[in-house]
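Read off the chains here:
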Amino acid sequence: MSLQLPPLDPLLLSELRLSIMSILMQEEEADFLFLKEKTSATGGNLSVQIDKLSTAGYIEVEKGFVGKRTRTACKITEHGRQAFKAHFEALKMYLPAEGLG
């Protein structure tokens, strides 16, 4: 009898989106420059991936100004937090019963 493996969240299979979500699970808020520095992503790619996470309701994006400079801040939503946790619980099912080590 084979075990039915749970589906993984396709949105979180992207390395960059997973990195963004991982950072936001630890930080109350992270701005664009912080995320860019931590992920080593290009600005364009980071912007696209933030938009995808925002459209899915996983993060909230606030755009504003600090002085004359624009600032984009990201926060994880409760929906995003639950999706992240569910993804990792599902991922654990793909591991051997005795673990990795």
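As a starting point, this report considers the structure included with it. In this text, all values refer to a predicted model and were calculated from it rather than measured experimentally. (Residues numbered from 1 in each chain as written. Predicted model: local features only at pLDDT ≥ 70, side-chain atom pairs only at ≥ 80, totals over all residues. Heavy atoms only, no water.)

## So, the sheet that holds strand β2 (residues 59-66)
Pairing is antiparallel across the open sheet formed by 3 strands, whose spatial order is β1-β3-β2. Edge strands, defined here as strands with exactly one partner in the open sheet, are β1 (30-31) and β2. Note: β2 against strand β3 (residues 69-76), 8 bridges, orientation antiparallel. Counted as the bridge partner of V66 is R69 from β3. Strand contacts of helix α1 (residues 15-26): β1, β2 and β3, with the helix running at about 80° to β3, the strand carrying the most contacts. (Pairing = 2+ DSSP bridges. Helix = DSSP H or I, 4+ residues; strand = E, 2+ residues; numbered from the N terminus. Contact = heavy atoms within 4.5 Å. Axes fitted to C-alpha atoms, helices over the stretch in contact; angles between N-to-C directions.)

## Re the packing of aromatic side chains
A ring pair, where both rings are aromatic, is described by two values, the distance of the centres and the angle of the planes. The full count for this structure, using the stated rule, is 1 aromatic pair. Where F84 meets F88, the ring centres are 5.0 Å apart and the plane angle is 45°; that geometry is what we call tilted. Pair noted here: F84 and F88 are both in helix α4 (residues 78-92), with a separation of 4 residues, about one helical turn. F84 gets classed as buried once you look at its relative accessible area, which sits at 12%. Since its relative accessible area comes to 31%, F88 is described here as partly exposed. (Phe/Tyr/Trp six-rings, centres within 6.5 Å; stacked < 30°, edge-to-face > 60°. Buried < 20%, exposed > 50% of the residue type's maximum accessible area, 1.4 Å probe, protein only.)

## Thoughts on the pairing of β3
Here 2 bridges tie β1 to β3, and the two strands are oriented antiparallel to one another. Its bridge partner lying in β3, D31 is registered against A73.

## Brief notes about the pattern of salt bridges
This structure, assessed with the given rule, holds 5 salt bridges. For R71, the salt bridge goes to D31, with nearest N and O atoms at 3.9 Å. Pair noted here: R71 is in strand β3 and D31 is in strand β1, with a separation of 40 residues, a long-range link. Judged by relative accessible area, D31 falls into the partly exposed class, the value being 23%. Counted as one network, the salt bridges with shared partners bring together E29, D31, E62, R71 and K75. (Salt bridge = Lys/Arg side-chain N within 4 Å of Asp/Glu carboxyl O.)

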